[in-house]
Amino acid sequence: MDSETGVYQNLVKRESWKTVLTLAYQSLGVVYGDLSTSPLYVFKSTFAEDIQHSETNEEIYGVLSFIFWTLTLVPLFKYVFIVLKADDNGEGGTFALYSLLCRHARVNSLPNCQLADEELSDYKKDNIDFAPKNDFGSKLKYTLERYRVLQRVLLVLTLIGTCMVIGDGVLTPAISVFSAVSGLELSMAKEHHKYVEVPVACVILIGLFALQHYGTHKVGFLFAPVVLTWLLCISAIGLYNILHWNPHVYQALSPHYMYRFFKKTQRGGWMSLGGILLCITGSEAMFADLGHFSQLSIKIAFTSLVYPSLILAYMGQAAYLSQHHDVNNDYRIGFYVSVPERLRWPVLVIAILAAVVGSQAIITGTFSIIKQCSSLGCFPRVKIIHTSSKIHGQIYIPEINWILMLLCLAVTIGFRDTKRLGNASGLAVITVMLVTTCLMSLVIVLCWQKSVFFAVGFVVFFGTIEALYFSASLIKFLEGAWVPIALAFVFLITMCVWHYGTLKKYEFDVQNKVSINWLLSLGSSLGIVRVQGIGLIHTELVSGIPAIFSHFVTNLPAFHQVLVFICIKSVPVPHVRPEERFLVGHIGPRKYRLYRCIVRYGYRDFHKDDMEFENDLVCSIAELIRSGSVGLNVAIDDPVKEDDKMTVIGTCSTHTEGIRMSEDDVDNNIDAAGTSELREIQSPPVVVANKPRKRVRFIIPESPKINMDATEELQELTEAREAGIAYILGHSYVKAKQGSSFLKKLVINVGYEFLRRNSRAPTHTLSLPHASTLEVGMIYHKFGDLIFELNSVRFSDF
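Residues numbered from 1 in each chain as written. Predicted model: local features only at pLDDT ≥ 70, side-chain atom pairs only at ≥ 80, totals over all residues. Heavy atoms only, no water.

Under an unreviewed UniProt entry, the name given to the protein is Potassium transporter, and the source organism is Acer negundo. Regarding the protein, the relevant UniProt record gives this comment under Function (unreviewed entry): "Potassium transporter." (UniProt positions renumbered as here; feature names shortened; annotations may be inferred.)

J.: Outline the overall build of the protein, listing residues and values.
T.: When helices and strands are tallied, the protein shows 26 helices and 14 strands. Within the span of the protein, comprising 798 residues, buried residues form 56% of the whole. Across the protein, the fraction of contacts at a sequence separation of at least 24, relative to all contacts at a separation of at least 6, is 82%. Split by element, the accessible area of the protein, about 33700 Å² in all, is 60% carbon and sulfur. (Helix = DSSP H or I, 4+ residues; strand = E, 2+ residues; numbered from the N terminus. Buried < 20%, exposed > 50% of the residue type's maximum accessible area, 1.4 Å probe, protein only. Contact = heavy atoms within 4.5 Å. Areas by Shrake-Rupley, 256 points an atom, 1.4 Å probe, with all protein chains shown as cover.)

J.: A description of unusual backbone geometry should follow, citing residues and the corresponding values.
T.: Even without a glycine there, the phi angle at Gln-266 is positive, about 55 degrees. Here Gln-266 is to be found in the loop between helix H10 (256–265) and helix H11 (267–271). Phi is positive for Arg-593, close to 60 degrees, though the residue is something other than glycine. Inspection of the secondary structure assignment puts Arg-593 in the loop between strand S5 (582–586) and strand S6 (594–602). Residue classification places Arg-593 among the buried positions, given a relative accessible area of 9%.

J.: Please set out the pairing of strand S4 (residues 558–571) residue by residue, giving values where relevant.
T.: Of all 14 residues in S4, 13 are buried, a share of seventy percent or more. Here 8 bridges tie strand S3 (residues 529–538) to S4, and the two strands are oriented parallel to one another. Along S4, the bridge assignment pairs Gly-535 with Leu-563. Across 9 bridges, S4 lies against S6 in parallel orientation. Residue pairing in the sheet places Phe-565 in a bridge with Arg-596 of S6. (Pairing = 2+ DSSP bridges.)

J.: Talk me through the pattern of salt bridges; I want residue IDs and the actual numbers.
T.: Going through the model one piece at a time under the given rule, you end up with 15 salt bridges. Glu-466 is paired through a salt bridge with Lys-78; the nearest N and O atoms lie 2.5 Å apart. Within this pair, whereas Glu-466 is found in helix H18 (residues 452–474), its partner Lys-78 is found in helix H4 (residues 58–80), the two being separated by 388 residues in sequence. Each of Glu-58, Glu-59, Arg-260 and Lys-264 takes part in a single network of salt bridges with overlapping partners. (Salt bridge = Lys/Arg side-chain N within 4 Å of Asp/Glu carboxyl O.)

J.: Give me the packing of H4 against helix H14 (residues 295–322): which residues, what numbers.
T.: Following both chains from N to C, one finds H4 and H14 inclined at 175 degrees, their axes separated by 10 Å at the closest point. Relative to H14, the element H4 lies roughly antiparallel. Seen from H4, the contacting residues are Ile-60, Tyr-61, Leu-64, Ile-67, Phe-68, Leu-71, Thr-72, Pro-75, Leu-76 and Val-80; seen from H14, they are Lys-299, Phe-302, Thr-303, Tyr-307, Leu-310, Ile-311, Tyr-314, Met-315, Ala-318, Leu-321 and Ser-322. Along the lines of polarity and charge, the residues of the contact of H4 with H14 split into 17 nonpolar, 3 polar and 1 charged. (Axes fitted to C-alpha atoms, helices over the stretch in contact; angles between N-to-C directions. Parallel < 35°, antiparallel > 145°, perpendicular 65-115°, else oblique. Nonpolar A, V, L, I, M, F, W, Y, C, P; charged D, E, K, R; others polar.)

J.: Residues and numbers for a nonpolar patch on the surface, please.
T.: On the surface, Tyr-147, Val-149, Leu-150 and Val-153 cluster together into a nonpolar patch covering about 350 Å² of accessible area. Locating Leu-150 in the fold gives a position in helix H7 (residues 148–181). Taking the relative accessible area as the measure of exposure, Leu-150 reaches 32% and is therefore partly exposed. (Patch = residues over 30% accessible without salt bridge, like charges linked within 9 Å, V, L, I, M, F, W, Y side chains within 5 Å.)

J.: Describe the side chain of Ser-99, with residues and values.
T.: Residue position: Ser-99 is located in helix H5 (residues 94–104). Here Pro-572 takes part through its backbone oxygen, which lies 2.5 Å from a polar atom of the side chain of Ser-99. In this structure, Ser-99 is in contact with Asp-88, Pro-572, Val-573 and Tyr-603, ignoring residues within four places of it in sequence. (Polar contact = N/O pair within 3.5 Å; in protein donor to acceptor, adjacent residues only side chain to side chain.)

J.: Quick rundown of the environment of Lys-371? Include the residues and the values.
T.: Mapped onto the secondary structure, Lys-371 falls in helix H15 (residues 344–375). For Lys-371, a relative accessible area of 10% puts it in the buried group. Separated by 12 residues in the primary sequence, Lys-371 and Lys-383 have C-alpha atoms spaced 9.5 Å apart. Leaving out residues up to four positions away in the same chain, Lys-371 has contacts with Ile-384, His-386, Ile-395, Ile-397, Tyr-603, Arg-604, Asp-605 and Phe-606.

J.: Now, about the packing of H4 against H18: what can you tell me, with residues and values included?
T.: With their axes 12 Å apart at the nearest point, H4 and H18 run at an angle of 135 degrees to one another. The orientation of H4 with respect to H18, classified from their angle, is oblique. At the point where H4 passes H18, the crossing takes the left-handed sense. Facing H4, whose interface residues are Phe-66, Thr-70, Leu-73, Val-74, Phe-77 and Lys-78, H18 presents Phe-458, Phe-461, Phe-462, Ile-465, Glu-466 and Tyr-469. Tallied by class, residues from the contact of H4 with H18 come to 9 nonpolar, 1 polar and 2 charged. (Left-handed = near helix turned anticlockwise from the far one by under 90°.)

J.: Describe helix H6 (residues 135–146), listing the residues and the values that go with them.
T.: The end-to-end C-alpha distance of H6, which contains 12 residues, comes to 16 Å, matching closely the 16 Å that a straight helix rising 1.5 Å per residue would cover. If you check which residues of H6 are buried, you get Gly-137, Leu-140, Lys-141 and Leu-144. Down the axis of H6, the smallest arc covering the buried residues is 100 degrees, so these residues share one side. For H6, the exposed residues set more than 90 degrees away from the buried face come down to Asp-135, Lys-139, Tyr-142 and Arg-146. (Expected span 1.5 Å × (residues − 1). Arc of directions from axis to C-beta.)

Next comes the structure, spelled out in structure tokens:
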């Protein structure tokens with residue numbers, strides 16, 4: 001018995017290690033493409049202008065020492081050993097840290113949060129008590145929750161990091177591809193290659209962005225082999241250069257050479273740090289792409305292959321340059337000059353492929369982070385296309401893709417050299433790292449509940465290193481570093497304006513929601529005719545009835561026999577489990593057939609197509625009726641109490657022992673499997689003018705029994721589902737009142753209105769079928785310094 005148990009445990013262990021090693025191999029193409037191509041341009045950017053390569057080799061040795069310790073301290077110690085542990089239920093990145101802080105302290109910027117959201121399985125990680133154990137942590141939590149201005153600062157800090165990631169999505173493809181193509185300079189005259197590099201780089205970039213709509217899963221299997229081949233190639237070349245040119249170059253790893261470097265170069269050496277900084281470009285991807293892999297797989301890939309390969313590559317370049325002091329040709333200090341002449345063309349091809357892979361990873365990461373911003377109400381609505389049915393993280397955003405392409409081509413053509421591209425890219429990279437360091441210090445105290453001295457030590461140690469590099473990058477403002485600042489400023493203004501307008505619209509909806517008592521005063525039929533079908537009234541409110549409903553009732557002679565107030569919202573967790581997707585309850589007495597359904601998504605979840613979503617929605621209402629767990633006769637306006645009388649219900653796939661829905665032709669029979677234990681509720685037969693019609697049936701378990709009222713309610717729901725579903729949307733347009741400040745008029749009347757007109761309509765972002773969508777409104781409301789106009793345009797009937 002014991003031997004069998006031991007064999008089984010060994011088998012499970014072998015399988016788990018096999019999975020980890022497979023993920024580590026796959027992570028090479030997704031996580032490390034950008035970091036692994038940095039040897040193409042680090043030395044060239046460092047020696048571009050501020051320092052010169054001399055016969056004493058003090059500059060080369062000093063730069064190599066800085067590269068070694070920067071790679072060791074930042075990617076290895078900071079990210080691999082510390083930051084990777086700050087995952088949000090397996091997800092990483094700037095928003096993951098912000099999400100953790102939002103759940104441990106009430107600093108969330110989402111306006112429609114509920115207490116019920118805190119009961120989600122993934123809301124509390126490992127059942128840790130959210131109350132800080134130390135006095136400083138308690139005071140910090142209290143201070144953040146009390147002062148709204150601190151919450152806004154925290155949000156803006158997160159958005160700054162996000163905007164710099166987007167800026168890096170513009171600059172990384174440009175510098176990676178341009179540096180890879182620069183290998184052509186050694187095969188032609190200097191006055192000729194500058195007319196070849198830029199066109200070739202632009203053609204490759206256009207092709208890269210043009211292929212984005214196919215998705216990375218179509219060519220993803222090539223990513224890991226390309227990066228693996230590149231890493232083995234640069235490490236082998238580096239080892240050859242060390243042994244052939246200068247076996248004693250390892251001595252330059254001593255920190256003493258950093259001191260000698262600064263002593264000789266002084267201000268020029270400090271300014272050259274902006275080029276050295278590029279050696280850690282792409283380190284943030286280890287944390288940002290954590291959700292696609294695992295901590296252990298990323299650690300294994302970096303420590304066993306990526307880190308030693310990069311160290312050998314940089315040491316090899318330094319060994320070659322230490323024996324070659326040809327300063328007459330400024331491009332003779334780049335990567336390709338250290339490659340043996342016979343291998344330059346093969347290495348050039350591999351380098352271009354590796355640069356494309358690294359660019360692909362940052363582009364995909366940009367799509368992902370913009371989706372997160374949009375789901376949290378911090379970015380205008382965009383069209384999100386899921387390019388893979390199996391991997392949820394692979395998405396494509398057409399508008400962002402073409403904007404990135406144009407910006408990438410602009411900086412490539414405008415700069416035309418790695419020096420200014422490096423200055424721009426370096427500032428974007430180090431800013432993101434500084435934001436991560438600041439957020440991590442709060443996570444250490446509030447989430448990990450560690451001592452404040454540990455958090456201060458983390459900030460002081462890594463913050464000092466990054467601040468040194470940041471100052472060296474910022475001093476190059478006029479030499480290219482202004483680009484990421486300009487890009488980040490534009491995207492930050494866009495996000496802040498959209499977020500401000502979204503919050504004001506939600507505050508208007510809350511202040512003008514209709515009282516339940518007004519609804520009950522309309523009588524048992526609500527004072528108007530009920531027609532067949534289900535009406536889904538989309539609202540941002542999680543409690544109460546939106547103002548658009550009163551306008552709808554007042555201006556239209558009838559509405560549907562079943563009405564559902566549906567709220568599709570994001571919660572501060574990466575994923576919401578399918579069994580916790582819907583929060584469903586009655587509004588008013590059951591005979592009114594009014595329901596509220598709150599659909600919860602994580603910031604990394606994606607919305608289903610409309611047909612599957614409709615089935616899940618109807619099933620959740622049917623399960624609510626069957627369970628009978630919510631039977632209050634009067635609804636309450638208090639959102640806290642309303643949470644208590646709503647039921648958590650999963651999608652159809654999670655109803656293993658609950659109610660199921662079947663849609664088939666009228667003449668078809670139900671599946672024979674399990675009919676002895678199931679009972680079906682269906683609508684009475686209806687003849688529809690010789691048209692084929694689908695019949696809807698609810699198949700429910702025999703036990704527990706349901707009462708007559710519930711049976712009647714289910715039967716009416718089947719009739720409504722067969723008749724069809726109509727989506728009812730209310731649009732509000734915001735304008736600043738006369739007498740408002742110039743800044744508010746500029747933000748609302750110009751900025752927000754421009755973004756609203758040029759962003760996707762809710763029917764696109766919510767995947768609503770246009771053939772069954774109704775938009776209603778046409779009222780003016782004053783709220784504070786703003787005027788809200790609810791506009792009405794009827795698209796079509798169902």
